[in-house]
Amino acid sequence: EIIPFSPFADEPPAPDADAVFLPGGYPELHAAPLAAAARFARGMHAARDRGAAIHGECGGYMVLGGGMVDADGARHAMLGLLDVETSFAQRRLHLGYRHMTPCAPLPWGGAFRGHEFHYATTLGERGDPLFTLRDSMDTDLGTAGLRSGTVTGSFAHIVEPA
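Everything numeric in this text was worked out from a predicted model, so none of it was measured. (Residues numbered from 1 in each chain as written. Predicted model: local features only at pLDDT ≥ 70, side-chain atom pairs only at ≥ 80, totals over all residues. Heavy atoms only, no water.)

Kindly report on the overall build of the chain, identifying the contributing residues and their values.
Looking only at helices and strands, one finds 3 helices and 12 strands in the chain. Sequence separation of 24 or more characterises 61% of the internal contacts of the chain that already satisfy a separation of 6 or more. Accessible area for the chain stands at about 8300 Å²; split by element, carbon and sulfur atoms hold 55% of it. Looking at charge distribution, the chain has the averaged site of its 12 positive side-chain charges lying 3 Å from that of its 19 negative ones. (Helix = DSSP H or I, 4+ residues; strand = E, 2+ residues; numbered from the N terminus. Contact = heavy atoms within 4.5 Å. Areas by Shrake-Rupley, 256 points an atom, 1.4 Å probe, with all protein chains shown as cover. Lys, Arg positive; Asp, Glu negative; His and termini not counted. Charge placed at Lys NZ, Arg CZ, Asp CG, Glu CD.)

Structure follows, in structure tokens:
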């Protein structure tokens, strides 16, 4: 059963959710309200603490991180579920199709095809990487994303199993 909730409206995920998905979007345009969303943050930490699978891609990955710098250079605290800091102030285009291979087994599948399209940059990323990436020309792009317990995320959008 899919139960929607809105971080922008300070809504937490369902308290009995087995999994929580934070999709892409533009959190840098709403960084201050997201940083102030205390009910959402408590609900996400509770989901992590009870072992729910949590995944964020692109904008969702930024929200799972420790902080986000907006276009004006102001830092906003995010959820802190993954040890990543991102910036929209230092913009750089990341664009292309990706072959994504998990660095360790995932409960929800193996290798994937996906894509990246974002301008945010990573200021710091510490922890266990989530994927190794290759582009459409089979060029090795290194590792991407993070995993910490049942929390995972990356800038890459999963499109389909490989």
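The rest of the description comes next.
Would you mind going over unusual backbone geometry in detail, with residue names and values included?
Here Asp10, not a glycine, exhibits a phi torsion of approximately 60°, which is positive. Backbone geometry at Cys58 places phi at a positive 60°, although glycine is not the residue there. Along the polypeptide, Cys58 turns up in the loop between β2 (53-57) and α3 (59-64). Judged by its relative accessible area of 6%, Cys58 falls in the buried class. (Buried < 20%, exposed > 50% of the residue type's maximum accessible area, 1.4 Å probe, protein only.)

Describe the nonpolar core, listing the residues and the values that go with them.
One finds Met44, Ile54, Leu64 and Leu79 to be the most contacted residues of the largest nonpolar core, which totals 27 residues. Of all the secondary-structure elements, those providing two or more residues to this core are β1 (19-22), α1 (31-35), α2 (38-49) and α3. Once you skip the residues sitting within four places of it in the chain, Leu64 turns out to touch Leu22, Met44, Ile54, His55, Gly56, Leu79, Gly80, Leu81, Leu82, Val151 and Thr152. (Core = buried A, V, L, I, M, F, W, Y, C linked by side-chain atoms within 4.5 Å.)

How would you sum up the pairing of strand β5 (residues 84-87)? Please name residues and give values.
Burial of the side chains of β5 extends over both faces: Val84 and Thr86 are buried on one face and Glu85 and Ser87 on the other. Strand direction decides the pairing type here: strand β3 (residues 67-69) and β5, joined by 3 bridges, are parallel. Note on β5: the bridge partner recorded for Gly67 is Glu85. When β5 meets strand β8 (residues 121-125), the two strands line up antiparallel, connected through 4 bridges. (Pairing = 2+ DSSP bridges.)

Residues and numbers for the side chain of Arg147, please.
If you trace the backbone, Arg147 turns up in strand β10 (residues 140-148). No salt bridge is formed by the buried Arg147; the nearest opposite charge belongs to Asp128, separated by 6.0 Å. Polar side-chain contacts of Arg147 include one of 3.2 Å to the backbone oxygen of Ala104. Here the side chain of Arg147 touches Pro105 through a polar contact of 3.3 Å, landing on its backbone oxygen. Setting aside its immediate chain neighbours within four residues, Arg147 contacts Leu82, Ala104, Pro105, Leu106, Asp128, Pro129, Leu130 and Thr152. (Salt bridge = Lys/Arg side-chain N within 4 Å of Asp/Glu carboxyl O. Polar contact = N/O pair within 3.5 Å; in protein donor to acceptor, adjacent residues only side chain to side chain.)

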